Amino acid sequence: MNTVTSDLRREERAIFELRELYEQYGYKKYKMSKFEEYDLYLENKSFLPSSQVITFTDLNGKLLALKPDVTLSIAKYIPTCPAEPEKVYYNENVYRTPRGSHEYKEIMQVGLEYLGSIDLYAQCEVLSLALRSLQKLSESCVMVLSDMGFISGLLEYCALPLALEERIVACVEHKNAHEIKRLCAENGVDEELCQSIAALTGLYGELDDTIRRARALVKNDKMASSLDRLTEIASVLSAETDGSLRLDFSVINDLSYYNGLIFQGFIDGVPSAVLSGGRYDKLMERLGKNTSAMGFAVYVDQLERLGFEERRYDVDVLLLYDEGADVSKLTAAVKMLTNNGQRVRVQSALSEKLRFRQLLKLGERGLEILESND
Amino acid sequence: MNPMISVALPKGRLGESVYKIFDEIGYGCPEIMEEGRKLIFENAENRVSYFWAKPSDVAIYVEHGAADIGVAGLDILLEQQPDVFELLDLGLGKCRMAVAGKKDALRDTDRTLRVATKFPNIAKSYYAEQSREIEIIKLNGSIELAPIVKLSDVIVDIVETGKTLKENDLEVLETVCDISARLIVNKAAFRFKTEQIEQMCGKLRERIAKG
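Parameters and conventions
- Residues numbered from 1 in each chain as written.
- Chains lettered and ligands numbered in written order.
- Predicted model: local features only at pLDDT ≥ 70, side-chain atom pairs only at ≥ 80, totals over all residues.
- Heavy atoms only, no water.
- Salt bridge = Lys/Arg side-chain N within 4 Å of Asp/Glu carboxyl O.
- Helix = DSSP H or I, 4+ residues; strand = E, 2+ residues; numbered from the N terminus.
- Buried < 20%, exposed > 50% of the residue type's maximum accessible area, 1.4 Å probe, protein only.
- Pairing = 2+ DSSP bridges.
- Contact = heavy atoms within 4.5 Å.
- Axes fitted to C-alpha atoms, helices over the stretch in contact; angles between N-to-C directions.
- Phe/Tyr/Trp six-rings, centres within 6.5 Å; stacked < 30°, edge-to-face > 60°.
- pLDDT = per-residue confidence, 0-100.
- Patch = residues over 30% accessible without salt bridge, like charges linked within 9 Å, V, L, I, M, F, W, Y side chains within 5 Å.
- Areas by Shrake-Rupley, 256 points an atom, 1.4 Å probe, with all protein chains shown as cover.

### As for the pattern of salt bridges
Part 1 of the argument: For the structure shown, the criterion picks out 28 salt bridges over all chains.
Part 2 of the argument: For Asp147(A), the salt bridge identified is with Arg229(A), shortest N-O distance 2.8 Å. Within this pair, whereas Asp147(A) is found in strand β7 (residues 141-147), its partner Arg229(A) is found in helix α11 (residues 221-241), the two being separated by 82 residues in sequence.
Part 3 of the argument: Asp147(A) gets classed as buried once you look at its relative accessible area, which sits at 0%.
Part 4 of the argument: With a relative accessible area of 24%, Arg229(A) lands in the partly exposed category.
Part 5 of the argument: Arg207(B) serves as the salt-bridge partner of Glu24(B), at 2.5 Å between the closest nitrogen and oxygen. With a gap of 183 residues between them, Glu24(B) in helix α1 (residues 13-24) and Arg207(B) in helix α8 (residues 194-210) connect regions that are remote in the sequence.
Part 6 of the argument: Look at the salt bridges and you will find they share partners, linking Glu179(A), Arg182(A), Glu186(A), Glu86(B), Asp89(B) and Arg182(B) into a network.

### Regarding the sheet that holds strand β11 (residues 275-279) of chain A
Residues and elements named next belong to chain A.
Part 1 of the argument: As summarised here, the arrangement of the nine strands in space is β1-β5-β6-β12-β11-β10-β7-β9-β8, forming an open sheet in which the pairing is mixed. Each end of this open sheet is capped by a strand with a single partner; those strands are β1 (28-29) and β8 (204-205).
Part 2 of the argument: Examined bridge by bridge, β1 and strand β5 (residues 86-96) share two bridges and lie parallel to one another. By the bridge assignment, Lys-28 is partnered in β5 with Val-88.
Part 3 of the argument: Where α11 meets the sheet, its contacts fall on β7, β9 (245-248) and β10 (261-267), and the angle it forms with β7 comes to roughly 160°.

### Observations concerning the packing of aromatic side chains
Part 1 of the argument: Taken as a whole and assessed by the stated rule, the structure comprises 15 aromatic pairs over all chains.
Part 2 of the argument: When the centroid spacing of 6.4 Å and the interplanar angle of 75° are considered together, the rings of Tyr258(A) and Tyr280(A) count as edge-to-face. Placement of the pair is Tyr258(A) in the loop between β9 and β10 and Tyr280(A) in the loop between β11 and α12 (281-286), with a sequence separation of 22 residues.
Part 3 of the argument: For Tyr280(A), a relative accessible area of 2% translates into the label buried.
Part 4 of the argument: When the ring of Phe51(B) is compared with that of Tyr61(B), the centres are 5.2 Å apart and the planes differ by 65°; the resulting orientation is edge-to-face.

### Describing unusual backbone geometry
Residue and element names in this part refer to chain B.
Part 1 of the argument: Despite not being glycine, Lys-150 shows a phi value in the positive range, around 65°.
Part 2 of the argument: Turning to its location among the elements, Lys-150 is positioned in the loop between α5 (145-148) and β9 (154-159).
Part 3 of the argument: Accessibility expressed as a relative area gives 63% for Lys-150, which makes it exposed.
Part 4 of the argument: With a phi close to 65°, Asp-169 is a non-glycine residue in the positive phi region.
Part 5 of the argument: Considering the arrangement of structural elements, one finds Asp-169 in the loop between α6 (163-167) and β10 (171-179).

### Concerning the sheet that holds strand β14 (residues 344-347) of chain A
Residue and element names in this part refer to chain A.
Part 1 of the argument: Strand order in the open sheet formed by four strands is β14-β13-β15-β16, and the pairing between neighbours is mixed. Edge positions in the sheet fall to β14 and β16 (366-372), since each has one partner strand and no second. This sheet shows a mean twist of 25° between the axes of neighbouring strands, independent of strand direction.
Part 2 of the argument: Packing of helix α13 (residues 327-339) onto the sheet brings it into contact with β13 (315-321), β14, β15 (356-363) and β16, and relative to β13 it is tilted by some 170°.

### Focus: the confidence of the model for chain B
In low-pLDDT segments, the atomic positions of the prediction should not be examined closely.
Part 1 of the argument: Of the residues in chain B, 100% reach a pLDDT of 70 or more, and the chain-wide mean stands at 93.
Part 2 of the argument: Taken together, the chains of this predicted complex give a pTM of 0.85 and an interface ipTM of 0.87.

### Some thoughts on a nonpolar patch on the surface
Residues and elements named next belong to chain B.
Part 1 of the argument: Together, Leu-145, Ile-148, Val-149 and Leu-151 give the surface a local cluster of nonpolar side chains, amounting to about 320 Å² of exposed area.
Part 2 of the argument: As for its placement among the helices and strands, Val-149 is situated in the loop between α5 and β9.
Part 3 of the argument: Under the relative-accessibility criterion, Val-149 is labelled exposed at 52%.

Okay, here's the thing in structure tokens:
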């Protein structure tokens, strides 16, 4: 029996397996400090999932923060014009307030970032790593993919007032077609435009079919090239996805940071996304970097929602000994049992709470089996 | 076999009329109308289960995945902003969110307006749009009492017929928005039960269009 992996909790195992996966593809682990200058988060507030950050003053009087996010820090530290792509992964604790909670939590996050010039291969690699990460978490998983170019192209064409645009984008995210129609009617938006925007809420499903349906909505080059990009990716990835990769144009991330591909991953039994990522060239631009970037984060802590895998036994062997027992014999016996891959707990008296597979006792004539629970 | 779909219904008149519609379109579960202590009602044949929840809790059950689908008033959705899909306006339980108070309550604009409400977020964003300085007093019931006993200048609350207001010498001063019941869906459940949920929505949409 392999005690290393079988005794780990689901989250711990996931971290090991994801790490192995990313190493296989030549990504390097990026270990970072726990703190970051607060300014970085102040300037990029809307990039963060929640705006609260734990801050403190360091010994020089500078305002620091406990990291609420890792991507911003990685993006900040890479050179302005990297000569070759940086391929990194991380597993770090971040500190933020989850939705609906009023307290800070320490959240274990695993993620992967590709920073450098991005071609079709690079996009497919990151996407397929995201998909394979999900598959490692659960057999029953779905990844939904979208391209921000499509919706931002449509919004450019519509040229709505900013306040209205924000409300409409929020409706698309909630697949709320009735509210889009109401808002458009209220603000005198052209009927045909209104229909096109509302149609976004129903644009989801299998890759090829959804791309085909989306073609009918194309208004400008930006939307067309976004669909071309998705078509290329679909043709590369369709072989390895077995239906778990789908398109959904209601998936939207902040338009001021993300462009191009974005995606979210779900596993059966967890009520919200466990993986989220995309292409964030605009963030790089804001940080003054002359390069593209794409990556994703896996919210490993969400796996707790799947419930605990019930462990039948706390130890394999509970080994009892009398007061007068020969300690060197006892030590030898423990060594022998652990060498066989068993988990052994040694104590002088039986305890009621402990569940064991086998109860042994070191007596005059060596090890005796007192009880077996197999 | 198709997966079961769990539905959270709001306790009360609205929930009961919504259930009748579910029943008519083929998602019936007869035992739900029986008096008893049961909390969850399941019809394995129609692949659906129901439970009653406090109306203001429905969105919480759905967002956390305890129910795949729920029915909640727009008032609750605006107040709580849950991260769920809102697929249909059911057109039931129609009423409006309004500012009400004594006739002249909004006349003096030179001081902080005291607003009593069960919906602090809705009130806050409504007055933020007007850039009006307000003080929110969060109450949990009998909101109409607040202006009468001078706890607040106005209230922000749901108004159906306006009868209670009238009896207390209050009136609607402004309408915030129209309210009706919405069908909400958990985002993850939607990915794993797409076909079943679409089918249910399609039937509901047809039934609602008939009126």
